[in-house]
Amino acid sequence: MIVEEIMKTEVVTLHPTDTIADAIRVMETNNIRHIPIINEEDNLVGLVTISRLKVATPSTFRTNENPNDIKKPLELIMEQNVITGHPLDFVEEAAAVFYEHKISAIPIIKDRKLVGIITETDILRTMVELTGAHQPGSQIEIRVPNITGILSDIAEIIRKRNANILSVLVYPDKQDEQYKILVVRVQLMNPVRLVQDLKEAGHHVLWPNLPGISL
């Protein structure tokens, strides 16, 4: 999946000369937390987030002291070194950028123009959809040797049970690099028989495998 498939294309923007008060109003009206700042050519020049507004906006106790604070232009508080993405970037790569840089939004640029934006909420929603966690089903975790064809073997066992695979995740076994953990989500409400099939085929099922409960 690429960023173009999940990004918001109707982006609310402001200009550097707009004020902090404008940004507060726009965020409240549109229920958003990020505002890309563009110039007259629609080129991205900055980003204003709700956290920056909170820092820049006077508290209730100081309103009378600095009533002109919210009249200041956004160019004074906006983030200028903005991390951006491209519509053809992979969603997984974008998720890694969020993780590595601890940011909450990525404006999407094409031909130097702002064409969209993705937020951490968009990434989370996409990951839920990709893993099938929002659909009824069961999750099975299997510790397997890191060899060619093992996923095919697991899929064949699942096929014989006429179970639909919703998603498959693979990650390293932290205790032994010669093994991997397969997390398979299947469209079964009761996976007991499938788990039995996997065990009989010699696979090490980590979950479901509750102590004291015979599968």
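The structure we're discussing is the one just above.
Presented here is a report on the structure given in the accompanying data block.

Cut-offs and rules
- Residues numbered from 1 in each chain as written.
- Predicted model: local features only at pLDDT ≥ 70, side-chain atom pairs only at ≥ 80, totals over all residues.
- Heavy atoms only, no water.
- Buried < 20%, exposed > 50% of the residue type's maximum accessible area, 1.4 Å probe, protein only.
- Helix = DSSP H or I, 4+ residues; strand = E, 2+ residues; numbered from the N terminus.
- Pairing = 2+ DSSP bridges.
- Axes fitted to C-alpha atoms, helices over the stretch in contact; angles between N-to-C directions.
- Contact = heavy atoms within 4.5 Å.
- 1 Å grid on protein atoms, 1.4 Å probe; cavity = no way out; pocket = protein on both sides within 12 Å on 5 of 7 lines; lining within 4 Å.
- Points joined across faces, edges and corners; volume = space filled by probe spheres on them.
- Nonpolar A, V, L, I, M, F, W, Y, C, P; charged D, E, K, R; others polar.
- Polar contact = N/O pair within 3.5 Å; in protein donor to acceptor, adjacent residues only side chain to side chain.
- Parallel < 35°, antiparallel > 145°, perpendicular 65-115°, else oblique.
- Left-handed = near helix turned anticlockwise from the far one by under 90°.
- Arc of directions from axis to C-beta.

Some words on the pairing of strand β7 (residues 179–186)
Part 1: For β7, a buried count of six out of eight residues is recorded, marking the element as mostly surrounded by other parts of the structure.
Part 2: In this structure, strand β5 (residues 138–145) lies alongside β7, joined through eight bridges in antiparallel fashion. Residue S138 lies in a different strand from β7, and its bridge partner there is V186.
Part 3: As judged from the seven bridges shared by strand β6 (residues 165–172) and β7, these two strands associate in the antiparallel manner. Each residue of the ladder has a partner; that of L169, found in β7, is V183.

Description of the sheet that holds strand β8 (residues 204–207)
Part 1: Spatially, the four strands line up as an open sheet ordered β6-β7-β5-β8, and their pairing is antiparallel. Edge positions in the sheet fall to β6 and β8, since each of these pairs with one other strand and no more. Going from strand to strand, the sheet's axes swing by 25° on average, the running direction of each strand aside.
Part 2: With respect to the sheet, helix α6 (residues 192–200) is in contact with β5, β7 and β8, its orientation differing from that of β5 by roughly 5°.

Focus: the layout of surface pockets
Part 1: One number sums up the size of the largest pocket: a volume of about 300 Å³.
Part 2: Taken together, 15 residues make up the lining of the largest pocket; nearest its centre are K8, I32, R33, H34 and T119.
Part 3: Looking at the lining of the largest pocket, the elements that each hand over two or more residues are β1 (34–38), β4 (113–119) and α4 (120–131).
Part 4: When grouped by side-chain class, the residues that make up the lining of the largest pocket number five nonpolar, four polar and six charged.
Part 5: Taken as a whole, the second largest pocket spans an internal volume of roughly 170 Å³.
Part 6: Residues that form the lining of the second largest pocket fall into these classes: five nonpolar, four polar and three charged.

Concerning the side chain of S167
Part 1: Locating S167 in the fold gives a position in strand β6.
Part 2: A distance of 2.4 Å separates a polar atom in the side chain of S167 from the backbone oxygen of T131.
Part 3: Setting aside anything within four residues of it in sequence, one finds S167 in contact with L130, T131, G132, V183, V184 and R185.

Some remarks on the packing of helix α5 (residues 150–160) against α6
Part 1: Relative to each other, α5 and α6 sit at 140°, their axes nearing to 10 Å. One way to sum up the angle between α5 and α6 is to call them oblique. The way α5 lies across α6 gives a crossing that is right-handed. Every residue of α6 that contacts α5 at I154, I157 and I158 is listed here: L194, D197 and L198.
Part 2: Partitioning the contact of α5 with α6 into residue classes produces five nonpolar, no polar and one charged.

Structural notes on α5
Part 1: Among all positions of α5, only I150, I154, I157 and I158 are buried. Seen from one end, α5 has its buried residues packed into an arc of 100°, which puts them on one side. Of the residues in α5, the exposed ones pointing more than 90 degrees away from the buried face are S152, R159 and K160.
Part 2: Contacts from the buried residues of α5 go to β5, β6, β7 and α6.

Notes on unusual backbone geometry
Part 1: Residue P208 follows W207 across a cis peptide bond; omega there is 0°.
Part 2: Its location among the elements puts P208 in the segment after β8.

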